[in-house]
Amino acid sequence: MGYGSPKHSTDKSQASKELLLIFILTFLFFTGYNMILPILPIYIVSIGASKLELGFIMATIPATSIIARIPFGILMDRIGRWSVTLLALTLQLFAYIMFSLTPPVSTLYLTAAVYALAISSFGPSVIAIALDAAPLGSKGSVMGRFYASIGASMVLGPLITSLLTYHYTYQSVFTFALTLPAVGLAALLIFRGFSIKPARAGVPSIPDRPVISSLKRIILQRNILLLSSASVTFFISLGVFETMFPIYVKEDLALDTYYVGLLFAVRGVPNAFSRIPAGIMADRIGRRIPLIISYSLTFTALFILPTAKNIYLLMLLIGLYGFAWGARTAPSAALYSDNVSSLDTGFISTIIWLTSDVAMALGSSLAGALTIFFSIPQIIMLSSILLLPGLFLILMISE
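None of these values were measured; they are calculated from a predicted model.

A. Representation of the packing of aromatic side chains within the structure. Within this structure, the stated rule accounts for 22 aromatic pairs. Ring geometry for Tyr43 against Phe174: centres 4.9 Å apart, planes inclined by 55 degrees, an arrangement best described as tilted. Of this pair, Tyr43 sits in helix α2 (residues 40-47) while Phe174 sits in helix α7 (residues 170-177), placing them 131 residues apart in sequence. Phe174 carries the same exposure label as Tyr43, and that label is buried. A centroid spacing of 6.2 Å and a plane angle of 55 degrees characterise the contact between Phe245 and Phe264, whose relative ring orientation is tilted. Here Phe245 is found in helix α11 (residues 222-252), whereas its partner Phe264 is found in helix α12 (residues 257-285), with 19 residues between them in sequence. For Phe264, a relative accessible area of 2% puts it in the buried group. Among the aromatic residues, ring-to-ring pairing joins Phe29, Phe30, Tyr33, Tyr43, Tyr96, Phe99, Tyr115, Phe122, Tyr170 and Phe174 into one connected group. The side chain of Arg328 reaches across the aromatic face of Phe234, ending 4.9 Å from its centre.

And the structure:
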């Protein structure tokens, strides 16, 4: 007994350090991501792209991620999750440099693809590290804190963008954003002595177990199928929203660009604050109830939002959307983790992000194509209806 205590204490300390570093890196990565998000559609159109091209360029990001997720998942278990995190930050830095150079429309597809490689490699690696480091019985709470770091970035990132676009050009946003992965890389390299290693002790690497059998073992789980299908409906509507809402604010509502960043920040505040309580609630009363609340409120907010002409009502609805989104994240991740063994943590983290990639690509492409037939408010309203079958699928989940 006495000989085991120091080792347990060391392992617990190591896990705490890993979690702290992951929370910092996640905050930096997604602050940059959320700085770019509000203005990217407007920036693409300002360069000369049509709304149809906008849909396809925005879809390039999740579409590239769809192709890259599984290879990065395999790479993650072969060279180490921390090494993939390092690669992701480097790719993000390079993508921001490319965006800041104001490329022609034709090369935006390549720039978007590089950006997608950063996103597709970062998410699965950090969420796998966080899930592995989480103490038993506290995965919901840890996921709440993990997603809260993303939620905080959803407030700070758009606020910085709003301030920069009020005074400066779009290029200033990309220039400021590229400092964030640079800081993340520095932090990762400084602390690599205690954190970066080929594989977590006790977890077999991919070469020790067949990839196909791991995927089949995960995908054939009933709850995972239901949750993934429901997630597709959620992220299709999100893909539509993030592609068209900035254009809607700029053109239909005739508001200045800095309002777009401000509205995204308004969405980010309740998003950030709802994540930790939702994670705690998921540990105490189960995963399904927070998810039912989330999908119901998301449908309500998106269905009514296109009818809001008053800026204060618009802020209220987009804040409700943010709250609903935040309430979904931790229970969803915890439910995924509940249904797999520790051997498949890396794969399940890949599937979490892959599901959103598929749906976001569909949503962005659909949004661009539907502009031929419908107005942007009508497109946003139509996308909200997709959440109703998602809600039905959540009701079918058993815990």
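B. Representation of helix α3 (residues 51-79) in the model. For α3, spanning 29 residues, the distance from its first C-alpha to its last is 41 Å, which sits close to the expected 42 Å at 1.5 Å a residue. The sharpest bend along α3 reaches about 40 degrees and sits at Ala68, with the proline Pro71 one to four residues further on. Where α3 ends, the next residue or the one after it, Gly80, has phi of about 105 degrees, a positive value.

C. Expanded view of the pattern of salt bridges. The final tally for this structure, using the stated rule, is 3 salt bridges. In this structure, Asp283 engages Arg287 in a salt bridge whose closest nitrogen and oxygen atoms are separated by 3.0 Å. Among the residues examined, Arg287 registers a relative accessible area of 8% and is labelled buried.

D. The nonpolar core, seen in detail. Leu40, Met143, Phe146 and Phe245 are the most contacted members of the largest nonpolar core, which has 112 residues in total. With near-sequence residues (within four places) excluded, Leu40 lies in contact with Met58, Ile61, Phe99 and Phe174.

Conventions and cut-offs
- Residues numbered from 1 in each chain as written.
- Predicted model: local features only at pLDDT ≥ 70, side-chain atom pairs only at ≥ 80, totals over all residues.
- Heavy atoms only, no water.
- Phe/Tyr/Trp six-rings, centres within 6.5 Å; stacked < 30°, edge-to-face > 60°.
- Helix = DSSP H or I, 4+ residues; strand = E, 2+ residues; numbered from the N terminus.
- Buried < 20%, exposed > 50% of the residue type's maximum accessible area, 1.4 Å probe, protein only.
- Lys NZ or Arg CZ within 6 Å of the ring centre and 35° of its normal.
- Expected span 1.5 Å × (residues − 1).
- Bend = angle between axes of the 7 residues up to and from the residue.
- Salt bridge = Lys/Arg side-chain N within 4 Å of Asp/Glu carboxyl O.
- Core = buried A, V, L, I, M, F, W, Y, C linked by side-chain atoms within 4.5 Å.
- Contact = heavy atoms within 4.5 Å.

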